[in-house]
Amino acid sequence: MTGHDGRLPRTDKIPYGGDHNPEQWPQEVWDEDHRLFGQAGVDTLTVGVFTWSLTQPAEDVYDFTVLDRVLDRAAAEGRQVCLATGTAALPPWLAKKYPEVNRTDFEGRRHRYGQRHNFCPSSPAYRRLATQMAARLAERHAHHPALLAWHINNEYGGACYCDLCAEAFRGWLRERHGTLDALNDAWWTTFWSHRYTDWDQIEPPSALTEHWRGPDHTAFQGITLDYQRFMTDALLGCFTAEKEAIRVHDPDTPVTTNLMGAYRPLDYHRWAPHLDFASWDNYPPLDAPPTRPALAHDLMRGLKDGAPFWLMEQTPSTTACRDVNPLRRPGELRLATWQAIAHGADAALYFQMRASRGACEKYHGAVIGHAGRDDTRVFHEVAALGEELSLLGGTTLGARTPARTALLFDWDSWWALEISDGPSRLVRYPDVVHAYYRAAREAGADVDVVAVTADLTPYDVVLAPVLHLVKGDLAGRLEAVARRGGTVLATFLTARSDEHDRAFLSDVPGPLAPLMGIRVDEWDARPEDFVQPVVLDGTRVEARLVFEIVQPRGADPVGTYGADFYAGTPAVTRHPFGAGEAWYVATALDQPGVDLVVRRVLARHGLVGPYADHRGVETATRITTDGSRLLFLLNHTGAACRLTTHTTAVDLLTGKRIEQGEPLTLDPLGTAVLRLQ
């Protein structure tokens, strides 16, 4: 096995390829596909993702003829496959014979057959037939020479509110809370006469029960929060059931499913222990700053304690699911792929290899278009990148990121913040988290994006933006970071509630108040277009949305509000604590304001990078299994960028040796991979 994680697939170079759907095409197209795969340097194919209705045309009939040919052809061509179980989309016969497998939506409507991601995770029929399919595939193909990894289901997501899920939810609640008294206390059901006296009285929170104006408006945050946790676990149970079925016949081949980055419905930290390796599908809006996909890459890497992940899908050109689907410009595909590798990807795969002829993804980008040509710009870019990755070989496989900065990412806090009545529904968890991540990354710091349960001892800086819920022993572990000399940064709306979303009966920010050295009694919220000036280190920046009124209790003001009755009171504070310090940002600063605060924090630990002043140039570091240090330089601008090399290095993409102090020019959208000497 490569790298530090024994469950990563065994390869000697970065796997390159993507979703291959030969079942849609006649034999002559298969032949042409493999010819073109050879030209493009494609060595890895994801197959079988949506083949359930083909491989099982009836409950008692299995037909693996086509899938057998697909795997045999891949092996004959010297290619490896990530074999999917195909259970993400029901076959029509299953939905007709067992109508309870069809989901009931948030509005209480039982759906009929259609689309994909259309199954109820609590359905015994779905669970039985999906695991049988996984078992039969594993029994048949566990020792196939083309098999590299197992791919269960596809992009798990969605929710169901049927009677089966209601009953499963009640069972989940019994296990979590133990008694009705404990549940009533956790949900604070004395409010609005909600005290439950029997488990059967509990209904899933939906438009028919606790919600109004959609999923984010609930009368009882506790029950909604628990239902989101339950649905994460219900879908996870489908995954683990298929994995267990595979393991009966194949104890060794790594198993994964393709995640979706910062995807709100599912808490991927609950999934992480059950994945042999993390993989994800990267489809950022093309007008998003480069730190958006970078944040998702680092979040995915953090799922497995820093082990490399697979980039399971990306588009070579355009998406099709949005109202407007811009085309990737020349060079953007290469840059996006190298960005993924810089942040820990050990595979680079596409959706899709050949464009579908019909249905909703016929205009989705593909390596091979409808005409099957090998002289298109997109095909040339894919082939050139395949050659470049081949030249790199296995250099980066298994390489780790030596980050000294951690950013805490917490799905519970995301859910709780965005279903909260007050102070402001305009605060969006991913946007605030991204602002602090962006500031750290653009300052040149490598960042691990980790769960609140992660070991914090490796880090000098811990960023905890809008960590709405504080659970377990986290407060003590954050104090330990500061006590030994590190820096902890928290923001407004952090540490407001416990794991059940009950307000702490103490000064805000709850259990973090002693560490932060402040007290917050009041907070103001204003419309999005209202701007409150903040003076920060003598610089005027802007703040919006929420303005907490801070009373220092040992902390020193660093920035102050400039208007209203709380003008002159602290908006940003710094509190010495042990050998370290804690920072608190009491409002939603604009990006320049966040940048100022985060750079001061990083500078204390020498973590501002040597290229931090080159706007648009991203840096990332990986340490290889032999101890070599790789520095990735990525130019996200449309202009050439001239740098000065801060240490002697060899550019692995050109073979050129660069001495310390020598100039290095990055082309527009260019990349350099430097092995530092």
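Everything numeric in this text was worked out from a predicted model, so none of it was measured.

1. As for the overall build of the protein chain
Helices and strands together make up the secondary structure of the protein chain, namely 17 helices and 27 strands. Against the 2.2 N^0.38 benchmark of 26 Å for 677 residues, the protein chain shows a C-alpha radius of gyration of 26 Å, consistent with a compact globule. In terms of principal-axis extent, the alpha carbons of the protein chain reach across some 75 × 75 × 40 Å. Classification of the 677 residues of the protein chain by burial places 61% in the buried group. Considering only residue pairs separated by 6 or more positions, the protein chain has 72% of its internal contacts joining residues 24 or more positions apart.

2. Quick look at the pattern of salt bridges
When their charged atoms lie close together, side chains carrying opposite charge are able to pair. Applying the stated criterion across every chain yields a total of 57 salt bridges. We note a salt bridge from Arg 373 to Asp 375, for which the minimum N-O separation is 2.6 Å. The partner of Glu 542 in a salt bridge is Arg 544, and the shortest N-O contact between them spans 3.3 Å. A relative accessible area of 28% means that Arg 544 is categorised as partly exposed. A single salt-bridge network, built from bridges that share partners, covers Arg 176, Asp 226, Arg 229, Asp 410, Asp 412, Lys 471 and Glu 499.

3. Focus: the side chain of Thr 257
As for its placement among the helices and strands, Thr 257 is situated in the loop between strand 5 (255-256) and strand 6 (258-259). A polar side-chain atom of Thr 257 sits 2.6 Å from the main-chain carbonyl oxygen of Ile 152. Beyond its immediate sequence surroundings of up to four residues, Thr 257 is in contact with Ile 152, Asn 153, Asn 154, Glu 155, Tyr 156, Phe 239, Trp 271, Leu 275 and Ser 279.

4. Focus: the nonpolar core
Residues Leu 408 and Leu 589 are the most contacted members of the largest nonpolar core, which totals 196 residues. For this core, the leading source of residues is helix 8 (residues 221-249), giving 12 residues. Counting 13 residues, the second largest nonpolar core, distinct from the first, contains Cys 641, Ala 649, Ala 672 and Leu 674.

5. Description of the sheet that holds strand 25 (residues 657-658)
One open sheet holds the five strands; their spatial order is 21-22-27-24-25, and the pairing between them is antiparallel. Both edges of this open sheet fall to strand 21 (617-623) and strand 25, since each of them pairs with a single strand only. Here five bridges tie strand 22 (residues 629-635) to strand 27 (residues 671-676), and the two strands are oriented antiparallel to one another. Among the inter-strand pairings, Leu 630 is bridged to a residue of strand 27, identified as Arg 675. Across the sheet, helix 11 (residues 332-342) touches strand 21, strand 22 and strand 27, and the angle it forms with strand 22 is around 150 degrees.

6. Some thoughts on the sheet that holds strand 9 (residues 345-350)
Taken in spatial order, the nine strands line up as 5-4-3-2-1-9-8-7-6 in an open sheet, and their pairing is parallel. Two strands in the sheet have a free side with no partner beyond their single neighbour: strand 5 and strand 6.

7. Regarding helix 17 (residues 591-604)
Between its first and last C-alpha atoms helix 17 spans 20 Å; for 14 residues at 1.5 Å apiece the expected length is 20 Å, and the two agree. Residue Asp 590 occupies the N-cap position of helix 17, its side-chain oxygen lying 2.9 Å from the main-chain nitrogen of Gly 593. After helix 17 finishes, the residue Gly 606 shows a positive phi value of roughly 65 degrees.

8. A short note on the packing of aromatic side chains
Taken as a whole and assessed by the stated rule, the structure comprises 29 aromatic pairs. Feature note: the residues Phe 106, Tyr 161, Phe 169, Trp 172, Tyr 227 and Phe 230 constitute an aromatic cluster, connected by ring pairs. For the cation-ring pair, Arg 103 lies above Phe 119, with the distance from its terminal atom to the ring centre recorded as 5.1 Å. Over the ring of Trp 25 we find Arg 354, and its NZ or CZ is 5.6 Å from the ring centre.

9. Here we look at the side chain of Thr 487
With respect to the secondary-structure elements, Thr 487 resides in strand 13 (residues 487-491). A polar contact of 2.9 Å, which involves the side chain of Thr 487, links it to the side chain of Arg 604. Leaving out residues up to four positions away in the same chain, Thr 487 has contacts with Asp 460, Val 461, Val 462, Val 481, Glu 581, Trp 583, Val 601, Arg 604 and His 605.

10. Remarks on the confidence of the model for the protein chain
Per-chain confidence: the protein chain averages 96 in pLDDT, with 99% of residues scoring 70 or above. Across residues 1-6 the pLDDT falls below 50, and counting only partners more than four positions away or on other chains, this stretch makes 16 contacts in the model.

11. With respect to the state of the cysteines
Within this structure, the stated rule accounts for zero disulfides. The thiol of Cys 82 is unpaired, and the distance to the nearest cysteine sulfur, on Cys 238, comes to 19 Å. With no disulfide of its own, Cys 162 lies closest to Cys 160 among cysteine sulfurs, the gap being 3.6 Å. Taking the relative accessible area as the measure of exposure, Cys 162 reaches 3% and is therefore buried.

12. A few points about the pairing of strand 17 (residues 556-561)
Alignment of strand 15 (residues 532-536) against strand 17, held across three bridges, turns out to be antiparallel. Across the sheet, Leu 536 pairs through a bridge with Gly 559, a residue of strand 17. Pairing of strand 17 with strand 18 (residues 570-577) involves four bridges; the strand directions are antiparallel. Bridging from a neighbouring strand, Gly 559 pairs with Val 572 of strand 18.

13. So, the pairing of strand 16 (residues 539-552)
Direction of pairing for strand 14 (residues 518-525) relative to strand 16: antiparallel, over a ladder of seven bridges. Following the sheet pairing, Asp 524 is matched in strand 16 by Phe 547. Pairing analysis gives five bridges linking strand 15 to strand 16, with the strands arranged antiparallel. Note on strand 16: the bridge partner recorded for Gln 532 is Ala 543.

14. What to know about the environment of His 111
Inspection of the secondary structure assignment puts His 111 in the loop between helix 4 (92-97) and helix 5 (124-141). A relative accessible area of 40% means that His 111 is categorised as partly exposed. Each C-alpha atom of the pair His 111 and Pro 99 lies 9.0 Å from the other, and the pair is 12 residues apart in sequence. If we ignore the near neighbours within four places in the chain, the residues touching His 111 are Asn 102, Arg 103 and Asp 105.

About the thresholds
Residues numbered from 1 in each chain as written. Predicted model: local features only at pLDDT ≥ 70, side-chain atom pairs only at ≥ 80, totals over all residues. Heavy atoms only, no water. Helix = DSSP H or I, 4+ residues; strand = E, 2+ residues; numbered from the N terminus. Rg over C-alpha atoms; globule rule 2.2 N^0.38 Å. Buried < 20%, exposed > 50% of the residue type's maximum accessible area, 1.4 Å probe, protein only. Contact = heavy atoms within 4.5 Å. Salt bridge = Lys/Arg side-chain N within 4 Å of Asp/Glu carboxyl O. Polar contact = N/O pair within 3.5 Å; in protein donor to acceptor, adjacent residues only side chain to side chain. Core = buried A, V, L, I, M, F, W, Y, C linked by side-chain atoms within 4.5 Å. Pairing = 2+ DSSP bridges. Axes fitted to C-alpha atoms, helices over the stretch in contact; angles between N-to-C directions. Expected span 1.5 Å × (residues − 1). Phe/Tyr/Trp six-rings, centres within 6.5 Å; stacked < 30°, edge-to-face > 60°. Lys NZ or Arg CZ within 6 Å of the ring centre and 35° of its normal. pLDDT = per-residue confidence, 0-100. Disulfide = S-S within 2.5 Å.

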